Amino acid sequence: MKTYKILIAESVFAKDFYKNNREGQVVEAIAHVLHWQSEYKIALDKSHLCKAIKVAAQDGYDIFHISCHGDADGIQLTDETEVSWDDLADCFQGLNHIPKALVISSCVGGDSGVAHAFRSKKLRPTVIFGAEAQDPNEITFSGACISWPILYTLLARTGLTPEAFKEAVAKMNLITKHEFVYRRWQDGKYRRYPVRSQSK
């Protein structure tokens, strides 16, 4: 089994906290089962999200998992701040190290816009993982809870390899309609899996 360090940052709405719909706790529990080192942060606003990213960078985390709301333009935080994909990519700049994998658990967190934002930056994650489906198939709390165990157990078994991420996408898309995708930085650009012709 491979072991990794994962930092989970959660920034959901007040109603989600009230209902205890906090997938970050679920991901943290998965990490404990896998004997991974994990840290769970609540980021109510952009400054605290950037602080969480800085902690992940300084402490050498391999995976940064963010749970929040969002759309094709970016993510939305607890205080209802809209963080564009460019703004999110900026939070990762000026650091000595950033996590290899960025997992965005939000509506349309796998949108191509996040890849475009990181493409022009000096620092970028090797892997970006998220879901592309929009209403009515956008990612849900229950969908996240059954999907992320698949990804993280595969990474524990195989490592942060293209094969592991591809297998995760295939299995996660079999049991949900969220249209998970993964992008890997290669030859100067992010390559998407599944490729467009395969995802139809």
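The coordinates are above.
For clarity, every value in this text was computed on a predicted model and none was experimentally measured.

### Regarding the layout of surface pockets
Turning to step 1, where the next piece is worked out: By volume, the largest pocket amounts to about 310 Å³.
Turning to step 2, where the next piece is worked out: What lines the largest pocket is a set of 18 residues, and nearest its centre among them are Asp16, His69, Ile139, Thr140 and Phe141.
Turning to step 3, where the next piece is worked out: Mapped onto the lining of the largest pocket, the elements with two or more residues apiece are α1 (14-19), β3 (63-71) and α6 (141-158).
Turning to step 4, where the next piece is worked out: By residue class, the composition of the lining of the largest pocket is 6 nonpolar, 6 polar and 6 charged.

### Things to note about the packing of aromatic side chains
Turning to step 1, where the next piece is worked out: Per the counting criterion, the structure on display carries 11 aromatic pairs.
Turning to step 2, where the next piece is worked out: A ring pair is formed by Trp36 and Tyr152, whose centres lie 5.8 Å apart and whose planes are at 80 degrees; its orientation type is edge-to-face. Taken as a pair, Trp36 in the loop between α2 (23-33) and β2 (37-42) and Tyr152 in helix α6 lie far apart in primary sequence, 116 residues in all. Like Trp36, the residue Tyr152 is buried in the burial classification.
Turning to step 3, where the next piece is worked out: When the ring of Phe129 is compared with that of Phe165, the centres are 6.1 Å apart and the planes differ by 40 degrees; the resulting orientation is tilted. You can see Phe129 sitting in strand β7 (residues 127-131) and its partner Phe165 sitting in helix α7 (residues 162-175), a full 36 residues away along the chain. The exposure classification of Phe129 matches that of Phe165, with both residues buried.

### Overview of a negative patch on the surface
Turning to step 1, where the next piece is worked out: Where like charges cluster on the molecular surface, the negative patch consists of Asp71, Asp73, Asp79, Glu80 and Glu82.
Turning to step 2, where the next piece is worked out: Positionally, Asp79 belongs in the loop between β4 (74-76) and β5 (82-84).
Turning to step 3, where the next piece is worked out: Judged by its relative accessible area of 41%, Asp79 falls in the partly exposed class.

### Some details on unusual backbone geometry
Turning to step 1, where the next piece is worked out: Of note, the bond from Asp135 into Pro136 is cis; its omega dihedral lies within 30 degrees of zero at 10 degrees.
Turning to step 2, where the next piece is worked out: A cis geometry characterises the amide bond from Tyr193 onward to Pro194, with omega recorded as 0 degrees.
Turning to step 3, where the next piece is worked out: The phi dihedral of Glu179 is positive, around 60 degrees, even though this residue is not glycine.
Turning to step 4, where the next piece is worked out: You can see Glu179 is positioned in the loop between α7 and β8 (180-186).
Turning to step 5, where the next piece is worked out: A residue is classified by how much of its surface remains accessible, and Glu179, at 44% relative accessible area, is partly exposed.

### What to know about α2
Turning to step 1, where the next piece is worked out: Within the span of α2, buried status applies to Glu23, Gly24, Val27, Ile30 and Ala31. Here the buried residues of α2 occupy an arc of 115 degrees about the axis, which is enough to place them on one side.
Turning to step 2, where the next piece is worked out: Buried residues belonging to α2 abut β1 (5-11), β2, β3, β6 (101-105) and α6.
Turning to step 3, where the next piece is worked out: After α2 finishes, the residue His35 shows a positive phi value of roughly 65 degrees.

### Comments concerning the side chain of Asp111
Turning to step 1, where the next piece is worked out: Relative to the helices and strands, Asp111 resides in the loop between β6 and α5 (112-119).
Turning to step 2, where the next piece is worked out: Of the side chains with opposite charge, Arg183 lies nearest to the buried Asp111, which makes no salt bridge, at 6.9 Å.
Turning to step 3, where the next piece is worked out: Here Gly113 takes part through its backbone nitrogen, which lies 2.7 Å from a polar atom of the side chain of Asp111.
Turning to step 4, where the next piece is worked out: Contact partners of Asp111, with chain neighbours within four places excluded, come to Ala72, Trp85, Ala131, Glu132 and Arg183.

Reading the values: rules and limits
Residues numbered from 1 in each chain as written. Predicted model: local features only at pLDDT ≥ 70, side-chain atom pairs only at ≥ 80, totals over all residues. Heavy atoms only, no water. 1 Å grid on protein atoms, 1.4 Å probe; cavity = no way out; pocket = protein on both sides within 12 Å on 5 of 7 lines; lining within 4 Å. Points joined across faces, edges and corners; volume = space filled by probe spheres on them. Helix = DSSP H or I, 4+ residues; strand = E, 2+ residues; numbered from the N terminus. Nonpolar A, V, L, I, M, F, W, Y, C, P; charged D, E, K, R; others polar. Phe/Tyr/Trp six-rings, centres within 6.5 Å; stacked < 30°, edge-to-face > 60°. Buried < 20%, exposed > 50% of the residue type's maximum accessible area, 1.4 Å probe, protein only. Patch = residues over 30% accessible without salt bridge, like charges linked within 9 Å, V, L, I, M, F, W, Y side chains within 5 Å. Areas by Shrake-Rupley, 256 points an atom, 1.4 Å probe, with all protein chains shown as cover. Salt bridge = Lys/Arg side-chain N within 4 Å of Asp/Glu carboxyl O. Lys, Arg positive; Asp, Glu negative; His and termini not counted. Charge placed at Lys NZ, Arg CZ, Asp CG, Glu CD. Arc of directions from axis to C-beta. Contact = heavy atoms within 4.5 Å. Polar contact = N/O pair within 3.5 Å; in protein donor to acceptor, adjacent residues only side chain to side chain.

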